[in-house]
Amino acid sequence: MAIALKRPDEIAGIDAAGRLAADVLDELVRRCAVGVCGLDLDAIARELIVERGGTPTFLGYRGYPQSICVSVNDVIVHGIPTSVAFDDGDLVSVDVGVTLDGWVADTARTTIVGAESGRDAELISVAERALDAGLAACVVGGSVGDIGAAIEAEVSGSGATVFPTLIGHGVGFRLHEDPQVPNVGTVGAGARLEAGTVMAVEPMISWGAPHVRLASDGWSVFALDGAQAAHAEVTVAVTDEGPQVLTPWGDRWPARRPHVGDPAR
Ligand code: MF3
Ligand code: CO
Ligand code: CO
């Protein structure tokens, strides 16, 4: 299937959905604390998204039962929020999808609850550096293989492991579109990137082995060896001016412009 390119006005729509998703994600990460559970975050997310006119994209997607994904410790992605309270030191990845005026954005980040283990904190920073490396390859004339190669090099250079079977994707009109966006690859291979290509770039990593197992709930993807896993994801548009991050969470993208409708912060 072909990549469905987005016009600038369409990217603006995804940008609005993405800002909402990023704001919600940041708020959920602030709320992560000992005693809080995934279902608490899910309820907060639903409320914040709906309050600003959006809908939680994941709810009902292929039968997914909740509004966000909360992946704790050795769950890599697609963890279904539960009523189990977070514990001191839990490594928690939160993934938020927002649909706003028909436009879809998808974004995730990982945090540590309470007391940090240095090893987990370093894993998060490797995941974020890998995301940055992948984003730098999101340029006109590049290829999806360049993104995978950049992520793979950053992760393996840090001594961590990428899960090669877990990949990013086109996004914007729908949650999962072409192209597939690999987290490993060969420079120059695969689909070409043109202005208007919008993707979710999302490295998923651990310090362990690259093998995964699907839980009996049909969603949660675990690291087979039980290693702690981190995930960092943004929705990005390839433009003639370079990569444009549409889900600017945290303070990692200082070029973020003020946006009408942003909550006071
Ligand atoms: N956000 C996930 C991704 O990054 C997909 C979640 S789909 C759901 O691709 F149904 F599990 F929510
Ligand atoms: Co996601
Ligand atoms: Co995604």
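As shown above, the structure is provided for reference.
What comes next concerns the included structure.

Rules used in this analysis
- Residues numbered from 1 in each chain as written.
- Chains lettered and ligands numbered in written order.
- Predicted model: local features only at pLDDT ≥ 70, side-chain atom pairs only at ≥ 80, totals over all residues.
- Heavy atoms only, no water.
- Donors = N, O, S within 2.8 Å, 3.2 Å for Na, K, Ca; no water.
- Tetrahedral: all angles 85-135°; square planar, octahedral: opposite > 155°, others 65-115°.
- Helix = DSSP H or I, 4+ residues; strand = E, 2+ residues; numbered from the N terminus.
- Buried < 20%, exposed > 50% of the residue type's maximum accessible area, 1.4 Å probe, protein only.
- Near = heavy atom within 4 Å.
- Polar contact = N/O pair within 3.5 Å; in protein donor to acceptor, adjacent residues only side chain to side chain.
- Nonpolar A, V, L, I, M, F, W, Y, C, P; charged D, E, K, R; others polar.
- Expected span 1.5 Å × (residues − 1).
- Contact = heavy atoms within 4.5 Å.
- Pairing = 2+ DSSP bridges.
- Axes fitted to C-alpha atoms, helices over the stretch in contact; angles between N-to-C directions.

1. Description of the coordination of the cobalt ion (ligand 3)
Now for step 1: Within the protein, the atoms that donate to the cobalt ion (ligand 3) are D106 (OD), H169 (NE2), E202 (OE) and E233 (OE), at distances of 2.0 to 2.2 Å.
Now for step 2: Considering all six donor atoms around the cobalt ion (ligand 3), the spread of angles at the metal, 52 to 168°, places the coordination shape in the irregular class.
Now for step 3: Expressed as a motif, the donor residue spacing for the cobalt ion (ligand 3) is D-x62-H-x32-E-x30-E.
Now for step 4: Here the cobalt ion (ligand 3) and the cobalt ion (ligand 2) are spaced 3.2 Å apart, linked through D106, which binds each one. Remark: E233 occurs in the loop between β13 (229-231) and β14 (234-239) and E202 occurs in the loop between β9 (198-201) and β10 (204-206); sequence separation between them is 31 residues.
Now for step 5: For E202, a relative accessible area of 6% puts it in the buried group.

2. A look at the site of ligand 1
Now for step 1: Taken together, 13 residues lie around ligand 1, and F58, D95, D106, H176 and E202 are the ones closest in.
Now for step 2: Between ligand 1 and D95, the relevant distance is 3.0 Å, taken from a nitrogen atom to a side-chain nitrogen or oxygen of the residue.
Now for step 3: The separation between an oxygen atom of ligand 1 and a polar side-chain atom of E233 is 3.1 Å.
Now for step 4: Per-class residue counts for the shell around ligand 1 are six nonpolar, three polar and four charged.

3. Examining helix α2 (residues 38-51)
Now for step 1: For α2, spanning 14 residues, the distance from its first C-alpha to its last is 20 Å, which sits close to the expected 20 Å at 1.5 Å a residue.
Now for step 2: Each element contacted by the buried residues of α2 is listed here: α1 (8-31), β1 (55-56), β2 (68-72) and β4 (91-100).

4. Things to note about unusual backbone geometry
Among all residues save glycine, negative phi is the norm, and among peptide bonds the norm is trans.
Now for step 1: Residue D178 is joined to P179 through a cis peptide bond whose omega torsion reads 0°.
Now for step 2: Among the structural elements, P179 can be located in strand β8 (residues 177-181).
Now for step 3: Here R62, not a glycine, exhibits a phi torsion of approximately 45°, which is positive.
Now for step 4: Locating R62 in the fold gives a position in the loop between β1 and β2.
Now for step 5: The exposure class of R62 is exposed, given its relative accessible area of 70%.
Now for step 6: At H78, a residue that is not glycine, the phi angle is positive and equals roughly 60°.
Now for step 7: Summarising the element assignment, H78 is placed in the loop between β3 (75-77) and β4.

5. Considering the coordination of the cobalt ion (ligand 2)
Now for step 1: In the first shell of the cobalt ion (ligand 2), the protein supplies D95 (OD), D95 (OD), D106 (OD) and E233 (OE), at 2.1 to 2.3 Å from the metal.
Now for step 2: Given six donor atoms and angles of 57 to 171° at the metal, the environment of the cobalt ion (ligand 2) is assigned as irregular.
Now for step 3: For the cobalt ion (ligand 2), all donor residues lie on one chain, and their spacing in sequence is D-x10-D-x126-E.

6. Topic: the pairing of β14
Now for step 1: Most of β14 is tucked away, with six of its six residues classed as buried.
Now for step 2: Going residue by residue along β14, you find V234, V236 and V238 tucked away on one face and T235, A237 and T239 tucked away on the opposite face as well.
Now for step 3: Sheet analysis places β9 next to β14, joined by four bridges and oriented antiparallel. Within β14, the position partnered with A200 by the bridge is T235.
Now for step 4: The pairing of β14 with strand β15 (residues 242-245) spans four bridges and is classified as antiparallel. Bridging across to β15, T239 finds its partner in G242.

7. A few points about the sheet that holds strand β11 (residues 212-214)
Now for step 1: With antiparallel pairing, three strands are arranged side by side in an open sheet as β3-β12-β11. Two strands lie at the open edges of the sheet, namely β3 and β11, each paired on one side alone. Each neighbouring strand pair of the sheet contributes to a mean axis angle of 40°, computed without reference to strand direction.
Now for step 2: Sheet analysis places β11 next to strand β12 (residues 221-223), joined by three bridges and oriented antiparallel. Paired with L214 across the bridge in β12 is V221.

8. Overview of the environment of F222
Now for step 1: The topology assignment puts F222 in strand β12.
Now for step 2: Through-space distance from the C-alpha of F222 to that of D74 is 5.7 Å; in sequence the pair is 148 residues apart.
Now for step 3: With residues near it in sequence (within four places) discarded, F222 still touches D74, V75, I76, H211, V212, R213 and A215.

Without other data, these values stay purely geometric and don't point to any function.
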